[in-house]
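Each chain is listed here by its residues.
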Amino acid sequence: MYQEIDFDKIDIHAEPPIEEPDRQYYYIAKCRQWAREFEKKNGRRPCFFIQTFGCQMNEHDSETLAGMLIERGYVPGDSKTDVDLMILNTCSVRENADKRFFGTLGQLKHKKEECPEYTVAVCGCMMQQQHVIDTLKAKYPWVDLVFGTHNLHQFPLLLQNVMEERQRIVEVWPDGGDIVEGLPAKRLYPFKAFVNIMYGCNNFCTYCIVPYTRGRERSRRPEDIVAEVKALAADGVKDITLLGQNVNSYGVSPHGRDGYCAQAENGPDFAGLLYLLNDIEGIERIHFMTSHPKDLSDRLIQAFADCDKLCNQIHLPVQAGSTKTLQRMNRRYTKEQYLALVKKLREAVPDISISTDLIVGFPGETEEDFQETLDLVRQVEYDSAFTFLYSIRKGTPAERYDDQVPEEVKHERFNRLMDVLHPIQAKKNAIYQGRVEPVLVEGLSKTSDETYAGRTESGRTVNFFGDPSLVGQIVPVKITECKTFSLWGEVVRP
Ligand code: SAH
Ligand code: SF4
Ligand code: F3S
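Residues numbered from 1 in each chain as written. Chains lettered and ligands numbered in written order. Predicted model: local features only at pLDDT ≥ 70, side-chain atom pairs only at ≥ 80, totals over all residues. Heavy atoms only, no water.

## Details of the site of ligand 3
Point 1. The local shell around ligand 3 consists of G54, C55, N58, C91, S92, V93, C125, R214 and Q245.
Point 2. For the shell around ligand 3, the class distribution of residues is 4 nonpolar, 4 polar and 1 charged. (Near = heavy atom within 4 Å. Nonpolar A, V, L, I, M, F, W, Y, C, P; charged D, E, K, R; others polar.)

## Points about the environment of G73
Point 1. By the secondary structure assignment, G73 is in the loop between α2 (56-71) and β2 (75-76).
Point 2. Expressed as a C-alpha distance, the spacing of G73 and I424, which sit 351 residues apart in the sequence, is 49 Å.
Point 3. Once residues lying within four places of it in the same chain are set aside, the contact partners of G73 are A35, R45 and P46. (Helix = DSSP H or I, 4+ residues; strand = E, 2+ residues; numbered from the N terminus. Contact = heavy atoms within 4.5 Å.)

## A short note on the side chain of R413
Point 1. Locating R413 in the fold gives a position in helix α14 (residues 407-430).
Point 2. You can call R413 buried: its relative accessible area is 6%.
Point 3. In terms of polar contacts, R413 uses its side chain to reach the backbone carbonyl oxygen of E365, at 2.9 Å. (Buried < 20%, exposed > 50% of the residue type's maximum accessible area, 1.4 Å probe, protein only. Polar contact = N/O pair within 3.5 Å; in protein donor to acceptor, adjacent residues only side chain to side chain.)

## Re the domain arrangement of the chain
Point 1. What the domain assignment reports for the chain is domain 1 (7-171), domain 2 (190-311), domain 3 (335-430) and domain 4 (436-491).
Point 2. Carbon and sulfur atoms make up 76% of the surface buried where domain 2 meets domain 3, a total of about 1,200 Å² over both sides.
Point 3. The largest contributions to the domain 2 side of the interface with domain 3 come from T206, Y207 and I301, which together make up 49% of the buried area.
Point 4. Connecting domain 2 to domain 3 are 1 salt bridge.
Point 5. Between D298 and K344 there is a salt bridge, with the nearest N and O atoms lying 2.8 Å from each other.
Point 6. Counting every contact that joins domain 2 to domain 3 gives 2 residue pairs in polar contact (both at pLDDT 80 or more).
Point 7. Looking at the side of domain 2 that touches domain 3 element by element, the count peaks at 3 residues for helix α10 (residues 298-306). (Domains from an automatic or database assignment. Buried area = accessible area lost by both parts, 1.4 Å probe. Salt bridge = Lys/Arg side-chain N within 4 Å of Asp/Glu carboxyl O.)

## Some remarks on the pattern of salt bridges
Point 1. Scanning the entire structure with this criterion turns up 34 salt bridges.
Point 2. In this structure, the salt-bridge partner of E442 is R455, at a minimum N-O distance of 3.4 Å. One end of the pair, E442, is in strand β15 (residues 436-444); the other, R455, is in strand β16 (residues 451-455), and 13 residues separate them in sequence.
Point 3. When its relative accessible area of 13% is taken as the criterion, E442 is described as buried.
Point 4. Each of the salt bridges in this network shares a partner with another, and the network as a whole consists of E365, E367, E412, R413 and R416.

## Description of the sheet that holds strand β5 (residues 145-147)
Point 1. The strand order across the open sheet built from 6 strands is β2-β1-β3-β4-β5-β6, with neighbouring strands paired in parallel fashion. The sheet is open, and its two edges are formed by β2 and β6 (169-171), each paired on a single side.
Point 2. Relative to strand β4 (residues 119-124), strand β3 (residues 85-90) runs parallel, the two sharing 6 bridges. Paired with N89 across the two strands is C123, which belongs to β4.
Point 3. The strands that helix α3 (residues 95-114) touches are β1 (47-52), β3 and β4; relative to β3, the one it contacts most, it runs at about 165°.
Point 4. Relative to the sheet, helix α5 (residues 155-165) contacts β3, β4, β5 and β6, its axis offset from that of β5 by approximately 160°. (Pairing = 2+ DSSP bridges. Axes fitted to C-alpha atoms, helices over the stretch in contact; angles between N-to-C directions.)

## Some words on the site of ligand 1
Point 1. Every one of the 15 residues lining ligand 1 counts as a neighbour, but R94, Q245, Q319, D357 and S391 are closest to it.
Point 2. Y207 is positioned with one of its backbone polar atoms (N or O) 3.0 Å from a nitrogen atom of ligand 1.
Point 3. Contacts to ligand 1 include D357, whose side-chain N or O atom sits 2.6 Å from an oxygen atom.
Point 4. Protein contacts shield 89% of the accessible area of ligand 1, which totals 540 Å² for the unbound molecule.
Point 5. Of all elements in the fold, only β13 (353-360) and β14 (384-389) reach the threshold of two or more residues within the shell around ligand 1.
Point 6. Split into classes, the residues belonging to the shell around ligand 1 amount to 7 nonpolar, 4 polar and 4 charged.
Point 7. Shared between two domains, the shell around ligand 1 holds at least three residues of each, these being domain 2 (190-311) and domain 3 (335-430). (Areas by Shrake-Rupley, 256 points an atom, 1.4 Å probe, with all protein chains shown as cover.)

## Thoughts on the packing of aromatic side chains
The geometry of an aromatic ring pair is captured by two quantities: the separation of the ring centres and the angle between the planes.
Point 1. Applying the stated criterion across every chain yields a total of 18 aromatic pairs.
Point 2. Geometrically, the ring pair formed by F147 and F155 is stacked, given 5.1 Å between the ring centres and 25° between the ring planes.
Point 3. Take F147: its relative accessible area is 0%, and that puts it in the buried class.
Point 4. Between the aromatic rings of F288 and F304, the centroid separation amounts to 6.0 Å while the plane-to-plane angle is 50°, which identifies the pairing as tilted. With F288 in strand β11 (residues 285-289) and F304 in helix α10, this residue pair connects regions lying 16 residues apart in the sequence.
Point 5. The buried category is assigned to F304, whose relative accessible area is 4%. (Phe/Tyr/Trp six-rings, centres within 6.5 Å; stacked < 30°, edge-to-face > 60°.)

Dropping the structure here:
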């Protein structure tokens, strides 16, 4: 582990070692020396800013990048241009994420012209697509470094080469290599952490780019995950979110590739992993995402009943209500199967909060199909939902479907879906009126410097008058007002 290495003892004038991890350590030492020289020359440490465009996994990758930079002598800055190094961590799940990235990149051109020392690095899911690399090469000469999702751990080494040679580097791996353990991370909150349990996706839903940008499924070893969570608990973390594109297939490696395979090694599956993590002292809340409905096991439902730290909340993306649409999406469950699963979950865990993802306007979706989505939403009564307009993704099977839905139809359906979802969400929140809920206090609320915001076990935001001493604590809050998207309350003082 990095923490035990004395980097000052490494001879950075010698040839770089060939073997890992010595090669990494050599470059860390080199980078630290570079940062010290920078400080001598400029009277301050080199400063970085990371803009993240994607999902929690993408956010967690940014935390790892920040952790690696801080370890090497950099400090975080708070603006895109007033720093020495700008990193854009991209997402390609929908077209507007692509557009926002190119828009932001365009804004940086001016800064680069003014200050050639300003370094621009781009990474993340978009970089795993050849057409994006081609565009960057042809039209964005002010980008200094391009790397992908599979070689994130190489970032410091690549950055050091850019700094020393002041020439552009593009290094993207087509597929995932071995899982690299022990990378540092700079967390947004000291008391909350993301923990990757697996990488990649094997499901190939026909609309989705993720299997192409994140590669095939690989699971981390349970002992590495347990060790990481124990270290996090020792560092003051109370709340962990386990991340994977489909956590339900943790430990299942159908391709027999690298990574952990529960069956071959007679080790824990996802539910088994939850039991192990539930025993770790100091951890008080465990969440996970995302769960594919086709793989949700009875053992997982049982884990909700058995594991006191496992929060009564599940994100169970349905995507659409019509079985025909689900089939064309390659989701591998029917509307009826999904509804039966929700019923089973609610019978076992009566107060479970269920959230979902919904896509409107998937190719071939008729008004009748859309009505099936509305019907499903009314039947399930989701606590919350993320809703998306279908967006054509280059290289996915649905790109070639010739029955694309016109934009105006998608928008109109989207609005009607909101009209159904929001009153349900308000009704679900209203149940909390008068209850006393344990709330993990996150800090000042985004909109005010007087009110504090925290989360219930089910992930609902609660605002209340508080004080800084409560931040990071789980405190009882009496809910006094329920709105559609948030709750208000009062701290119950002993
Ligand atoms: N692995 C997760 C989701 C990853 S992407 C899962 O299986 O649920 C997050 C969400 O983005 C998806 O659930 C889906 O609702 C949405 N999404 C993915 N591709 C999309 C596309 N091409 N157009 C619109 N929404 C999309
Ligand atoms: Fe995409 Fe489907 Fe994999 Fe989720 S399960 S990441 S939606 S392909
Ligand atoms: Fe996440 Fe976007 Fe990649 S949703 S996995 S950052 S394409």
